[in-house]
There are 2 protein chains.
Amino acid sequence: MIEDWTERFQGTAALPRAVRDRLISVARIIHLGAGAQVFGPTNVPDSLFFLYDGRIRVSQSSEAGREIVLYRVDAGESCVLTTACMLAEEAYNAEGIAETNITAIVLPKPAFDRLVSEEEAFRKFVFAAYSRRLIDLLRVVDDVAFGHMDVRLAERLLALAGDHKEIPTTHQNLASELGTAREVISRILSDFQKRGLIAQSRGRIALVDKVALRRIAEAG
Amino acid sequence: MIEDWTERFQGTAALPRAVRDRLISVARIIHLGAGAQVFGPTNVPDSLFFLYDGRIRVSQSSEAGREIVLYRVDAGESCVLTTACMLAEEAYNAEGIAETNITAIVLPKPAFDRLVSEEEAFRKFVFAAYSRRLIDLLRVVDDVAFGHMDVRLAERLLALAGDHKEIPTTHQNLASELGTAREVISRILSDFQKRGLIAQSRGRIALVDKVALRRIAEAG
DNA sequence: CGCCCATCAGTGACATTGTCACCCAAAACG
DNA sequence: CGTTTTGGGTGACAATGTCACTGATGGGCG
């Protein structure tokens, strides 16, 4: 069940068989159901997470209760924010929620230290993971500080839809993705609808004209 | 001149003498004048930076020409964004500007790899640096997405003033700090002035009532 | 089935922030 | 000096955020 670890983790920096074997020998496997909190301000893990299967949504919430999605951790990636929080013992208010049922590999800190020091490939993998998240956050800052809401919403709709045509989501959900208020999403969506780009019903959005949406998402 | 390296770099994780010696033996020292670009989209270094003296301002700019300050690198800290960019070969538009004359220690990548693998203390230092920046960026996201401009401006004025009473800066500069437009800063500053919190003259802001400013900065 | 209730979405009024097109004043510089 | 550059003020409007509502929908249950 864990045999294809190497393939899974090739996304950023492939881990050779030897490293894989070592990792598995010291790691623990955990399963969490969709909706579970993987980590959060009140739930700081003392171990490192490597996501084997599923998807984690990492978001940050304000005191006033608004929320914004920072990035998603996909299968084969590592969740470095937990590491960051362990090391820099500062307050933060990001949390990771399992979007699907997940399977993760948990590496106790001592084992992590050993692997990092002894395995070049593992080290590269970890640094790449950190770097990726830094870049992700730069993107979020850019979007929030300089982006326009209709553009960001169009982007997000296309991303959430993937190959499908319909998205099962609420306006409030989309607002939480983008860090804005529901009313703002409602306004823009009703505008999109008037222009024939989407169709809406309760808890469901259908992308009618993906081409036009993509034109909007590409900054225009 | 470089003897007190250890003390300098104790902020995050002290580097013992042995590590210091190794580092110095493989590193190069560079000097840059205030205002020089340390790194940027068109200027991706292939080495790691450790700031020995001075201060670097890391900011991101939008296509439209607006700008926001992400964080500052102080003496004794490392500038991991360059590392991140080297590893994750993605487009980004952050740049680092020397705010003062700076002295930096430049470590070629192979030497960096060797040190990371062989020196526990150095590894801790690097991970702590990454973590610190991730946390910094979380804070920026929080501010931009959920913060109010008057609060953010009051914070920044106090931070920029430090112990002093006056800040030599322009409205445009403050706008670039916070990622907004000059007009917005002008409006809020003239409001602060009406309320007797500050006094202004061309290129200069005096904090008249720091206590009241701090009340505003503390989210009220 | 038909009613109840929680959730989801729509609306109008208003505050804050961003954008644009200007103007004016102060310093910089010959 | 006068001219140029730079910093700052202003009014109108657009976009976004906030508030206090109302109406609509669908699931659960008697």
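Residues numbered from 1 in each chain as written. Chains lettered and ligands numbered in written order. Predicted model: local features only at pLDDT ≥ 70, side-chain atom pairs only at ≥ 80, totals over all residues. Heavy atoms only, no water.

1. Comments concerning the protein's contact with DNA strand D
Item 1. The local shell around DNA strand D holds 16 residues, among which Arg66(A), Thr180(A), His171(B), Arg182(B) and Arg202(B) are the closest.
Item 2. Taking Arg187(A), its side chain carries an N or O atom lying 2.8 Å from a base nitrogen of DNA strand D.
Item 3. A distance of 2.7 Å separates a phosphate oxygen of DNA strand D from a polar backbone atom of His171(B).
Item 4. Put simply, the parts of the chain that give the surface near DNA strand D at least two residues each are α8 (182-194) of chain A together with α8 (182-194) of chain B.
Item 5. Class assignment of the residues belonging to the surface near DNA strand D gives a composition of two nonpolar, seven polar and seven charged. (Near = heavy atom within 4 Å. Polar contact = N/O pair within 3.5 Å; in protein donor to acceptor, adjacent residues only side chain to side chain. Helix = DSSP H or I, 4+ residues; strand = E, 2+ residues; numbered from the N terminus. Nonpolar A, V, L, I, M, F, W, Y, C, P; charged D, E, K, R; others polar.)

2. Some remarks on the relation of the copies chain A and chain B
Item 1. If you rotate chain A by 180 degrees and push it 0.0 Å along the axis, it lands on chain B with an RMSD of 0.1 Å. With respect to symmetry, the two chain copies, as superposed, fit the operation of a two-fold axis. When each C-alpha of chain A is compared by its distance to the rotation axis, Ser117(A) comes out closest, at 2.5 Å. (Least-squares fit on C-alpha atoms with pLDDT ≥ 70 in both.)

3. Here we look at the packing of helix α6 (residues 149-161) of chain A against helix α7 (residues 171-178) of chain A
Residues and elements named next belong to chain A.
Item 1. One way to put it is that α6 packs onto α7 with a least axis distance of 11 Å and a crossing angle of 110 degrees. In this view, α6 runs roughly perpendicular relative to α7, as classed from their interaxial angle. On α7, the residues that touch Met 149, Arg 152, Leu 153, Arg 156, Leu 157 and Leu 160 of α6 are Leu 174, Glu 177 and Leu 178.
Item 2. Here the residues of the contact of α6 with α7 are counted per class, giving six nonpolar, no polar and three charged. (Axes fitted to C-alpha atoms, helices over the stretch in contact; angles between N-to-C directions. Parallel < 35°, antiparallel > 145°, perpendicular 65-115°, else oblique. Contact = heavy atoms within 4.5 Å.)

4. Overview of the sheet that holds strand β4 (residues 55-61) of chain A
All names here are of chain A.
Item 1. Judged by pairing direction, the sheet is antiparallel, and its four strands sit side by side in the order β2-β7-β4-β5 without closing on themselves. The two strands at the open ends of the sheet, each matched to only one other strand, are β2 (37-39) and β5 (67-74). Along the sheet, successive strands turn relative to each other by an average axial angle of 35 degrees, direction set aside.
Item 2. Inspection of the sheet shows β4 paired to strand β7 (residues 94-98) by five bridges, in the antiparallel sense. Along β7, the bridge assignment pairs Arg 57 with Ile 97.
Item 3. Packed on one face of the sheet, α7 meets β4 and β5 and runs near 80 degrees to β5. (Pairing = 2+ DSSP bridges.)

5. Here we look at the pattern of salt bridges
All names here are of chain B.
Item 1. Scanning the entire structure with this criterion turns up 30 salt bridges over all chains.
Item 2. The closest approach of N and O atoms between Glu 99 and Arg 55, which form a salt bridge, is 2.7 Å. Of the two residues, Glu 99 sits in the loop between β7 (94-98) and β8 (102-108) while Arg 55 sits in strand β4 (residues 55-61), which places them 44 residues apart along the sequence.
Item 3. Salt-bridge contacts for Arg 195 lead to Asp 191; the nearest nitrogen and oxygen are separated by 3.0 Å.
Item 4. What makes Asp 191 partly exposed here is its relative accessible area of 32%. (Salt bridge = Lys/Arg side-chain N within 4 Å of Asp/Glu carboxyl O. Buried < 20%, exposed > 50% of the residue type's maximum accessible area, 1.4 Å probe, protein only.)

6. Topic: the sheet that holds strand β11 (residues 204-207) of chain A
Residue and element names in this part refer to chain A.
Item 1. Pairing is antiparallel across the open sheet formed by three strands, whose spatial order is β9-β11-β10. Among the strands making up the open sheet, the edge pair consists of β9 (166-167) and β10 (198-201).
Item 2. Inspection of the sheet shows β9 paired to β11 by two bridges, in the antiparallel sense. Note that in β11 the partner of Glu 166 across the bridge is Ala 206.
Item 3. Most of the contacts of α8 go to β10, to which it runs at about 125 degrees, and overall it touches β10 and β11.

7. Looking at the environment of Gln60(B)
Item 1. Note on placement: Gln60(B) falls in strand β4.
Item 2. We classify Gln60(B) as buried; its relative accessible area is 2%.
Item 3. Excluding residues that lie within four positions of it along the chain, Gln60(B) makes contacts with Leu138(A), Val141(A), Asp142(A), Phe146(A), Arg66(B), Glu67(B), Ile68(B), Leu70(B), Asn93(B) and Ala94(B).
Item 4. Reaching out from Gln60(B), the side chain makes a polar contact with the backbone oxygen of Leu138(A) at a distance of 3.4 Å.

8. As for the protein's contact with DNA strand C
Item 1. Close to DNA strand C lie 15 residues, the nearest being His171(A), Arg182(A), Arg202(A), Arg66(B) and Thr180(B).
Item 2. At the protein interface, 51% of the atoms of DNA strand C within 4 Å belong to sugar or phosphate.
Item 3. His171(A) has a polar backbone atom sitting 2.8 Å from a phosphate oxygen of DNA strand C.
Item 4. Among the secondary structure elements, those contributing two or more residues to the surface near DNA strand C are α8 of chain A together with α8 of chain B.
Item 5. When its residues are assigned to classes, the surface near DNA strand C shows two nonpolar, six polar and seven charged.

9. Some details on the pairing of strand β5 (residues 67-74) of chain B
Consecutive side chains along a regular strand alternate between the two faces of the sheet.
Residues and elements named next belong to chain B.
Item 1. Here seven bridges tie β4 to β5, and the two strands are oriented antiparallel to one another. Each bridged residue has a counterpart across the sheet, and for Ser 61 the counterpart in β5 is Glu 67.
Item 2. Where β4 folds back on β5, the antiparallel hairpin that results is connected by five residues, among which Gly 65 adopts a positive phi of roughly 100 degrees.

10. Regarding the interface of chain A and chain B
Item 1. At the junction of the two partners, chain A supplies 41 residues and chain B supplies 41 residues.
Item 2. Summed over both sides, the interface of chain A with chain B buries roughly 3,500 Å², with 79% coming from carbon and sulfur.
Item 3. It is Phe127(A), Leu134(A) and Phe146(A) in chain A that bury the most area against chain B; as a group they hold 20% of the surface buried on that side.
Item 4. For the pair chain A and chain B, the number of links is zero salt bridges. (Buried area = accessible area lost by both parts, 1.4 Å probe.)

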